[in-house]
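# Residue-level structure breakdown
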Amino acid sequence: MAGVPASARVAVDEVVASPVPMPRARARMNARVFDTVWNTVRRQYYDPGLHGVDWHQARGTYRPMALAATDDRLLYRAIGQMLDLLDDQHAGAISPAMARRQDVARTRRAVMGVVLSRETSDVWRVDTVRAGSPAEEAGIQPGWRLQSVDGQSWGVDFAVEDGRPLRLDLTDEAGALHTVTVVPREMEPIPAFSLDDSRPGVVVLRAEGFEPGLGRWLGEQLARLSPETDVILDLRGNPGGLLLEADATLSCFLPARQDWATRISRSGRPVTLSVMPGCGPLQAPIANDVALLVDGNSRSAAELTPAALQEAGRALVIGEHTAGAVLISQDMRLPDGGRLTLSRADYITSGGVRLEKNGVEPDIVARRSTEDLRAGRDPALDAAIHALAQPDAVQRAQAAARRPDL
């Protein structure tokens, strides 16, 4: 399961052929990449009806654009527009440059120090600014929108190099332009998993993604806790990841063999998913009170996990409604080194809920505004700590959240 968002939605007429003669090698590679994507969707997409999309018509529309693309930006824009017809947040293709950036995400490398989310094909919102980073030193604020880098839109083929200054044009909430210079430098990667035990009686475990080793790491941390310690698992901004690690995470809190979801493949055959032991050194699930933090960027496995724990009455879910991007997806390498992510199966929770397009509704809604981010406030975390401090907090809050309206 991957959390790669689909390509941006842009008007078809934005992709035009260049009047410059196309090198044959480029055109041939464009054709190989496009045809690999088109054929893979046709043969392997989880919905054999492709949500009613005329896939042959899509090929006739977008293949000429892809073949005429003079660079990866235009090629992957055309492919992205075609994949957007599926209306599937997991379906997407990324260029070789972006694939390389993803591959080194957990290594020491040159960075600006911002996390960006796409709003349009050419505009990206600054979600977070890393402390001590070049972006923070340049005065960039969460909530600003990145309009251009060195006069170009931030795109699939943009490189960030150590020591090479970049001119960024950003606009704030009022539309005012801020032009800043950022000099990327090498920084250690943000840890995939981290622990904060600075508050008495509470431990906060954060997972950046459902990456290899998450279940083992959780088990190691949880095994050290006293039964009185409240546990908060922070999945905000978590794009998902490996289904195996989602199951391992659930085994930290739910008994083995308990059913938690149903997977439905392209053939329509349902397969029941049950919790398998995998929480590191733990021999049994912990009994501590648990809360999970989620937001609109919690996707895929970061939605399945809170949904399963919520339905089991095992954890309190706090924060914002999740993304509703919950399908089993797989990655495959494209001929040019790019990457295609494609949904291969659907999910239904053990309670019969289809999370795709619906997401997870928190038991307690607590939104973190741009102003909160800038001021270092965290209402969702505060709400979780307060709720868990109440007697039988998880059980009472979940029961209240599920009462029918009177």
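In what follows, the structure referred to is the one given above.
Everything numeric here is computed off the predicted structure, so don't read it as measured data.

Conventions and cut-offs
Residues numbered from 1 in each chain as written. Predicted model: local features only at pLDDT ≥ 70, side-chain atom pairs only at ≥ 80, totals over all residues. Heavy atoms only, no water. Pairing = 2+ DSSP bridges. Helix = DSSP H or I, 4+ residues; strand = E, 2+ residues; numbered from the N terminus. Contact = heavy atoms within 4.5 Å. Axes fitted to C-alpha atoms, helices over the stretch in contact; angles between N-to-C directions. Disulfide = S-S within 2.5 Å. Buried < 20%, exposed > 50% of the residue type's maximum accessible area, 1.4 Å probe, protein only. Expected span 1.5 Å × (residues − 1). Bend = angle between axes of the 7 residues up to and from the residue. Polar contact = N/O pair within 3.5 Å; in protein donor to acceptor, adjacent residues only side chain to side chain. Core = buried A, V, L, I, M, F, W, Y, C linked by side-chain atoms within 4.5 Å. Parallel < 35°, antiparallel > 145°, perpendicular 65-115°, else oblique. Left-handed = near helix turned anticlockwise from the far one by under 90°. Nonpolar A, V, L, I, M, F, W, Y, C, P; charged D, E, K, R; others polar. Salt bridge = Lys/Arg side-chain N within 4 Å of Asp/Glu carboxyl O.

Turning our attention to the sheet that holds strand β10 (residues 202-207). Strand order in the open sheet formed by 6 strands is β9-β10-β11-β14-β15-β18, and the pairing between neighbours is mixed. Every interior strand has two partners, whereas the edge strands, β9 (193-196) and β18 (364-365), have only one. Bridge analysis of strand β15 (residues 316-319) against β18 gives 2 bridges, and the strand direction is parallel. In the sheet register, Gly319 faces β18, and the bridge partner there is Val365. Its contacts with the sheet place helix α8 (residues 301-311) against β14 (290-294) and β15, and it is angled at close to 145° to β14.

What follows deals with the state of the cysteines. One pass over the full model with this rule turns up 1 disulfide. Paired through a disulfide, Cys252 and Cys279 show a sulfur-sulfur distance of 1.9 Å. Sign of the S-S torsion, about 100° for the bond between Cys252 and Cys279, identifies this disulfide as right-handed. Of this pair, Cys252 sits in the loop between α7 (243-250) and β12 (259-265) while Cys279 sits in the loop between β13 (270-274) and β14, placing them 27 residues apart in sequence. Taken individually, Cys252 and Cys279 each receive the classification buried, so the pair is uniform in this respect.

This paragraph deals with the sheet that holds strand β7 (residues 177-182). The 5 strands are arranged β3-β4-β5-β6-β7 in an open sheet whose pairing can be described as antiparallel. Looking along the sheet, the strands with just one partner apiece sit at the ends: β3 (114-118) and β7. Across the sheet, the axes of successive neighbouring strands diverge by a mean angle of 40°, strand direction being ignored.

Another aspect to go through is the environment of Ala192. Take Ala192: it is sitting in the loop between β8 (185-187) and β9. Contact partners of Ala192, with chain neighbours within four places excluded, come to Arg106, Arg206, Ala207, Glu208, Gly209 and Glu211.

Another point: helix α2 (residues 55-68). An ideal rise of 1.5 Å per residue puts 20 Å on 14 residues; α2 measures up with 20 Å between its terminal C-alpha atoms. Maximum bend of α2: about 35°, positioned at Tyr62, with proline Pro64 one to four residues after it. Residues of α2 that are buried: Trp55, Ala58, Tyr62, Met65, Ala66 and Ala68. Summarising the contacts, the buried residues of α2 are in contact with α1 (24-44) and α3 (72-84). Where α2 begins, one side-chain oxygen reaches toward the backbone nitrogen of His56, 3.3 Å away; that side chain belongs to Asp54.

Before going further, it helps to examine the side chain of Asp346. By the element assignment, Asp346 lies in strand β17 (residues 339-349). Asp346 sits in the buried class, given a relative accessible area of 9%. Once residues within four sequence positions are removed from consideration, Asp346 is found in contact with Tyr46, Thr262, Arg263, Ile264, Val326, Leu327, Arg354 and Glu356.

The next point concerns the nonpolar core. Grouped together as the largest cluster of nonpolar side chains are 43 residues, with contacts concentrated most on Leu205, Leu222, Phe253, Trp260 and Tyr347. Elements with a minimum of two residues in this core: β10, α6 (214-222), β11 (230-234), α7, β12, β14, α8 and β17. Broken down by element, this core gets its largest block of residues, 6 residues, from α8. With near-sequence residues (within four places) excluded, Trp260 lies in contact with Leu243, Asp247, Leu250, Leu273, Ser274, Val275, Leu304, Ala308, Thr349 and Ser350. Grouped together as the second largest cluster of nonpolar side chains are 29 residues, Phe34, Val37, Ala91 and Leu334 included.

The next point concerns α1. An ideal rise of 1.5 Å per residue puts 30 Å on 21 residues; α1 measures up with 30 Å between its terminal C-alpha atoms. Regarding α1, the residues found buried are Asn30, Ala31, Val33, Phe34, Asp35, Val37, Trp38, Thr40 and Val41.

For the pair α2 and α3, the least separation of the axes is 9 Å and the interaxial angle reads 165°. With respect to each other, α2 and α3 are oriented roughly antiparallel. Where α2 crosses over α3, the two elements pack in a sense that is right-handed. The segment α2 lies against α3, with Trp55, Ala58, Tyr62, Met65 and Ala66 engaging Leu75, Ala78, Gln81, Met82 and Leu83. Broken down by class, the residue content of the contact of α2 with α3 amounts to 9 nonpolar, 1 polar and no charged.

Mapped onto the fold, Ala287 is located in the loop between β13 and β14. When its relative accessible area of 71% is taken as the criterion, Ala287 is described as exposed. Spatially, the C-alpha atom of Ala287 lies 35 Å from that of Arg269, the residues being 18 residues apart in sequence.

Let us look at unusual backbone geometry. In this structure, Asp150 is a non-glycine residue whose phi angle is positive, near 50°. Residue placement: Asp150 occurs in the loop between β5 (145-149) and β6 (166-171).

A separate point is the pattern of salt bridges. Scanning the entire structure with this criterion turns up 23 salt bridges. Residue Glu211 is joined to Arg106 by a salt bridge in which the shortest nitrogen-to-oxygen separation is 2.8 Å. Of the two residues, Glu211 is situated in the loop between β10 and α6 and Arg106 in the loop between α4 (96-103) and β2 (109-111); the sequence distance between them amounts to 105 residues. Overall, the relative accessible area of 22% leaves Glu211 in the partly exposed class. Across the salt bridge formed by Glu137 and Arg185, the nearest N and O atoms sit 2.9 Å from each other. Taken as a pair, Glu137 in helix α5 (residues 134-137) and Arg185 in strand β8 lie far apart in primary sequence, 48 residues in all.

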